[in-house]
Structure formats: C-alpha cells, structure tokens
Amino acid sequence: MPRVLVAGKIHADGLAILRQAPGVEVDYVEEVSAESYRPFLPVADALLIRTQPLTGAHVEEAPNLKIVSRHGVGYDSVDVAALNGRGISLAVIGDVNSRAVAEHAAMLMLSAARRTVLFDKKMRAGDWNYRNSLDAAELDGGTLLLIGFGRIGKRLAQIATALGMSVLAYDKFQDPAAIRAQGATPVADLIEALRSADVVSLHVPKASDDALIGAKELAVMKPSAILVNTARGGLIDEGALLDALEEGRIAAAALDVFEDEPPRPGSALLANERIVLSPHNAGLTEACARRMAISAAQNILDFFNDTLDAALVVNGSELAENRVSAVGN
C-alpha cells in the first residue's frame, strides 16, 4: 500500500481518512513550504500538497511518486510538464469551495464599497465624525463585471443580483446562451466591459506571465470602480494598481491573492487605505477546509483503488497521449 506525504496543514478529518485507510503510511508536515516537505519525497508514493511549489527538481527527487492531489482547484505552482514526463497524475478537488470563495468575494466587494476597514479604524481612533465624509458607495444599481464565469462566478452573480446589481460576464470558454440562462449578460470585448463596470471581480486561472489587468485595463475603468481578486496572484499588475489608486483613477481594490505570498514586509499594498486585504483565505472556512481536505485525501485513495474520477485529473489527456505515443514507439 502507498506511502502518502501530506505537505501542509490540512483539516483533521481529511488526515484521518488517510491514517485510517488499511496499510497506508502517512508522513505529515504541517509547515507550508517546499523546504519542509522535500526530505520526505524520496519515499513518497503519493503527495497531497497545499499552495507551495512543486518543481521539476522536486519531482525528480520522488522516484516512487504516482499521484499528486492538490488541496484546491488551482495548480499554478505545480510543474505539470514534469509530472507528465513521469506519467504522474495530478488531481484537484471537486466543487467544494466555490460557495465559500464567492461569499468571500461578495464580502470584499461590500467592504471596499462601504469602506468598512477605514470606518472601523477611524471610529477606534475616536473620529466619530468621519461618518460625515460620505466616503462610502452603494452596490445596488451598479454593474458587476465577472471575468470568468465558472462555479464561483456563477454563485457570485446570484449574490450580486440579490444586491440589486446587473451582471456582465466575460468568459471565452462559456456559451453566451448559458451565461444568459444564469441571468448575466455575456460580453466579448473586455476593454469595453471594463469601461462600464462599477465592480470588476476576477475568477480565472493565470494563463501567462502577463497580468490580465494592467495599466491599459486600469486606464479605462471608472474613477469610482472597485477591483476584486480572489482568483490568482499575478492576474493584476500590482504596481499599476497602486498607481491607479494613488492617482484616484479607480476608487478601491480588494485582494485575497498576491504576486508574493505573503506580501513582503513594507509592501505598499499593506499601507494603502484604498485596498482591503485578506490572506488568501477565501476558501478557508472551517467547513470548507474540511471538505477540501477530505476531497484531496479521497482522491489519493481512489487513485490506488482505481476509482478516481477522471474529471478531477487535470493532466489526464496528456498522460493518455503519452501512453499512446509510447505504445506506437
């Protein structure tokens, strides 16, 4: 039976699934860093990993590795090509965190619009009369632009509609008719959509080294606009965002993810009062953490029992092509 390396602290119920499985050995490293789990790679048959990097060099150090299970749905920090070269499956969790992340994104939208953090700070400092600054905005009647209309985007659209917002959706991979069926309006031109949005919320993976929202995109947004990112660090050019905020070209931002995690001490992001921050915890409610841990652990057991849902294996087609190629040779 396999030896499983759990790299990063996970909910106890997910860990229990592995520890109680007959014959399974578990190495558990709570620290979320590559350095902490690396010594256990040479004996690992399976790896359950949080957000820390898994590089090609790490894969080479794990000669027995057969399955990597991500404690989440993203895998930007995983060298998928290295896994493909070794025939190692990469699995992600099912739809267990979309509602938690959408709820968090809605909270950030509201907090940025109503200036919750700043009003809290002012009141604690004794500045009760800051209430008369009218430094708050309403979302009701505004327009939300969702960049990405997957499970999280769809759920956030429902919440925004309940708040009285109209919803635009920019997603190259979604059928416009399906977007309309969800009560949103599909848009094909991102720049034009940015011009009309009061709130922009990102829900896409990072597809390239270039930022999706940079100086060009920020330049067309409304001075009253709010930018929200609960998706991936690097989707927003943080330097361009800071310039836009400092120059009053957009009103506020709310970020759960960052280019550097955690942001470096002294980062201008931490000092800007127009940015609401959270530590990449959109999906880290107790209930959601439990679901994620159980799903990630179960993926490993299902793999060794040959019952893993193929829809959760993100590199399944590449592995199949490699097998066909090997047979042909």
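What counts and how
Residues numbered from 1 in each chain as written. Predicted model: local features only at pLDDT ≥ 70, side-chain atom pairs only at ≥ 80, totals over all residues. Heavy atoms only, no water. Phe/Tyr/Trp six-rings, centres within 6.5 Å; stacked < 30°, edge-to-face > 60°. Lys NZ or Arg CZ within 6 Å of the ring centre and 35° of its normal. Salt bridge = Lys/Arg side-chain N within 4 Å of Asp/Glu carboxyl O. Helix = DSSP H or I, 4+ residues; strand = E, 2+ residues; numbered from the N terminus. Buried < 20%, exposed > 50% of the residue type's maximum accessible area, 1.4 Å probe, protein only. Axes fitted to C-alpha atoms, helices over the stretch in contact; angles between N-to-C directions. Parallel < 35°, antiparallel > 145°, perpendicular 65-115°, else oblique. Contact = heavy atoms within 4.5 Å. Nonpolar A, V, L, I, M, F, W, Y, C, P; charged D, E, K, R; others polar. Polar contact = N/O pair within 3.5 Å; in protein donor to acceptor, adjacent residues only side chain to side chain. Pairing = 2+ DSSP bridges. Arc of directions from axis to C-beta.

Enquirer: An account of the packing of aromatic side chains is requested, with residue identities and associated values reported.
Expert: As enumerated under the stated definition, the model contains 2 aromatic pairs in all. Summarising the aromatic geometry, the rings of phenylalanine 303 and phenylalanine 304 are spaced 5.1 Å apart at their centres and angled 90° between planes, so their arrangement reads as edge-to-face. Stacked on the ring of tyrosine 130, the Lys or Arg lysine 122 has its end atom at 5.0 Å from the ring centre.

Enquirer: Describe the pattern of salt bridges, listing the residues and the values that go with them.
Expert: Throughout the structure, instances matching the rule amount to 14 salt bridges. Measuring nitrogen to oxygen at the nearest pair gives 2.6 Å for the salt bridge that ties glutamate 273 to lysine 121. Within this pair, whereas glutamate 273 is found in the loop between α12 (268-271) and β12 (275-277), its partner lysine 121 is found in helix α6 (residues 116-124), the two being separated by 152 residues in sequence. Relative accessible area serves as the criterion here: at 42%, glutamate 273 is assigned to the partly exposed category. Across the pair glutamate 247 and arginine 249 runs a salt bridge whose closest N-O atoms are separated by 2.7 Å. When salt bridges with common partners are traced through the structure, they connect Arg115, Asp135 and Arg274 into a single cluster.

Enquirer: Explain unusual backbone geometry residue by residue, including any values.
Expert: Along the chain, glutamate 261 connects to proline 262 via a cis peptide bond; the corresponding omega equals -5°. Residue placement: proline 262 occurs in the loop between β11 (252-255) and α12. Phi angles above zero are rare outside glycine, and aspartate 306 is one such case at about 60°. Its place among the elements puts aspartate 306 in the loop between α13 (286-304) and α14 (316-328). We classify aspartate 306 as exposed; its relative accessible area is 73%.

Enquirer: I'd like a description of the packing of helix α5 (residues 98-114) against α6, backed by residues and values.
Expert: Remark: α5 packs on α6, axes separated minimally by 6 Å, with the N-to-C direction vectors making an angle of 50°. Comparing their axes, α6 and α5 come out oblique. Of α6, the residues touching α5 (which contributes Leu110, Ser111 and Arg114) are Thr116, Val117 and Phe119. Across the contact of α5 with α6, the residue classes break down as 3 nonpolar, 2 polar and 1 charged.

Enquirer: Requested: an account of helix α11 (residues 238-246), with residues and values cited.
Expert: Two residues of an α-helix separated by three or four positions point the same way, owing to the 3.6 residues in each turn. All of the buried residues along α11 are Glu238, Ala240, Leu241, Leu242, Ala244 and Leu245. Summarising the contacts, the buried residues of α11 are in contact with α10 (215-220), β10 (226-229), β11, α12 and β12. Regarding α11, its N-cap is aspartate 237, as a side-chain oxygen of that residue lies 3.1 Å from the backbone nitrogen of glycine 239 further along. Glycine 248 lies just past α11 and shows a positive phi near 70°.

Enquirer: Can you tell me about the side chain of asparagine 315, naming the residues and giving the values?
Expert: Tracing the backbone shows asparagine 315 in the loop between α13 and α14. A distance of 2.9 Å separates a polar side-chain atom of asparagine 315 from the backbone oxygen of isoleucine 88. Those residues in contact with asparagine 315 that lie beyond four places of it in its chain are Val80, Leu83, Asn84, Ile88, Ser89 and Leu90.

Enquirer: Lay out the sheet that holds β12 in plain terms, naming residues and giving numbers.
Expert: Read from one edge to the other, the open sheet built from 7 strands follows the order β8-β7-β6-β9-β10-β11-β12, with strand pairing classed as parallel. The open sheet has two free edges, formed respectively by β8 (185-186) and β12, since each of these has just one partner strand. Bridging between strand β6 (residues 143-147) and strand β9 (residues 199-202) involves 4 bridges; their strand directions are parallel. Its bridge partner lying in β9, isoleucine 147 is registered against leucine 202. Contacting β6, β7 (166-170) and β9, helix α7 (residues 151-162) runs over the sheet at an angle of about 175° to β6.

Enquirer: Help me get a handle on the side chain of asparagine 272, residues and values and all.
Expert: Looking at the secondary structure, you find asparagine 272 in the loop between α12 and β12. When near neighbours in sequence (up to four residues on either side) are disregarded, asparagine 272 contacts Leu242, Leu245 and Glu246.

Enquirer: Any chance you could break down the sheet that holds strand β5 (residues 89-91) for me, citing the residues and the numbers?
Expert: Within the open sheet, the 5 strands sit side by side as β2-β1-β3-β4-β5. Their pairing is parallel. Two strands in the sheet have a free side with no partner beyond their single neighbour: β2 (25-29) and β5. The sheet shows a mean angle of 15° between the axes of neighbouring strands, direction not considered. Pairing geometry for strand β3 (residues 46-49) and strand β4 (residues 67-70), over 4 bridges, is parallel. By the bridge assignment for β4, leucine 48 is matched with serine 69. Where helix α1 (residues 12-19) meets the sheet, its contacts fall on β1 (3-7), β2 and β3, and the angle it forms with β2 comes to roughly 150°.

Enquirer: Please provide a residue-by-residue account of α1, values included.
Expert: Those residues of α1 lying buried are Gly14, Leu15 and Leu18. Buried residues along α1 cover an arc of 100° about the axis, so they all sit on one side. In this structure, α1 carries Ala12 and Arg19 as exposed residues pointing more than 90 degrees from its buried face. Among the structural elements, β1, β2, β3 and α13 are those in contact with the buried residues of α1.

Without other data, these values stay purely geometric and don't point to any function.
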